[in-house]
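Fold and contact review
Here's the letter readout for the chains.
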Amino acid sequence: RFHGKISFKHAAVAAGMGSLGKNDLLIHPYYGNRLWLGAVVTEIKIEPDPLSVDISCPEDCRVCIESCPADALLEQNVDQRGCYSHAFRGSLNEERITCWNCRQLCPLGKGLQA
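Once a new chain begins, its residue numbering starts again from 1 and follows that chain's sequence as written. The predicted nature of this model means local features are confined to residues of pLDDT at least 70 and side-chain atom pairs, given and counted, to a pLDDT of 80 or more, with totals for whole chains, interfaces and linings taken over all residues. Only hydrogens and water are removed before side-chain values are computed, so all heavy atoms of the structure are retained for them.

1. A look at the packing of aromatic side chains
- Whether two aromatic rings pair depends on their centres lying within 6.5 Å, for rings of Phe, Tyr and Trp, where Trp uses its six-membered ring; planes under 30 degrees apart make the pair stacked, over 60 edge-to-face, and the rest tilted. Taken as a whole and judged by the stated rule, the model has three aromatic pairs.
- Ring plane angle 85° and centroid distance 4.7 Å describe the contact between Tyr30 and Tyr31, whose orientation is recorded as edge-to-face.
- A residue is classified by how much of its surface remains accessible, and Tyr30, at 52% relative accessible area, is exposed.
- Per-residue accessibility, obtained with a 1.4 Å probe over protein chains only, is compared with the maximum for each type, and a residue is labelled buried under 20%, exposed over 50%, and partly exposed between these values. A residue is classified by how much of its surface remains accessible, and Tyr31, at 38% relative accessible area, is partly exposed.

Structure (structure tokens):
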């Protein structure tokens, strides 16, 4: 498995697609955190899309923090290793996600399938 040096979610924030939520996932104005990111690196000159409206989690919302079975979502950051070790199961070639709590329960983008 390849882990690149580009953080897709940080690149998406810099591109104006949304902002990072309390669960450290990209939050889009329409899709909430129900996104999968990918990228193509190129030298082609491409006209950028308009920047997205900034969106953030409501201050009093703690749905993702309180619903995390691994207690990996902290007030100011995310225990990435704790989240990963709980949420991903299987071999390196057949890895699958087994925990969707922070995506499914987030009120932003509610009504969309996770």
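2. Comments concerning the pattern of salt bridges
- Put simply, a salt bridge is a Lys or Arg side-chain nitrogen that is within 4 Å of an Asp or Glu carboxyl oxygen. Scanning all chains against the criterion turns up two salt bridges.
- Among the salt bridges present, the one from Asp24 reaches Lys9, with a minimum N-O distance of 2.8 Å. Of this pair, Asp24 sits in the loop between strand S1 (19–20) and strand S2 (26–27) while Lys9 sits in helix H1 (residues 8–14), and the two are 15 residues apart along the sequence.
- Note that Glu66 is salt-bridged to Arg62, the shortest N-O span being 3.1 Å.
- Using a relative accessible area of 32% as the deciding quantity, one classes Arg62 as partly exposed. Numbering of helices and strands runs from the N terminus; a helix is a DSSP stretch of H or I covering at least four residues, while a strand is a stretch of E covering at least two.

3. Description of unusual backbone geometry
- Positive phi is not limited to glycine here, since Asp24 has a value of about 65°.
- The backbone of Asp71 sits at a positive phi, close to 50°, despite the residue not being glycine.
- Relative to the helices and strands, Asp71 resides in the loop between helix H2 (63–67) and helix H3 (80–87).

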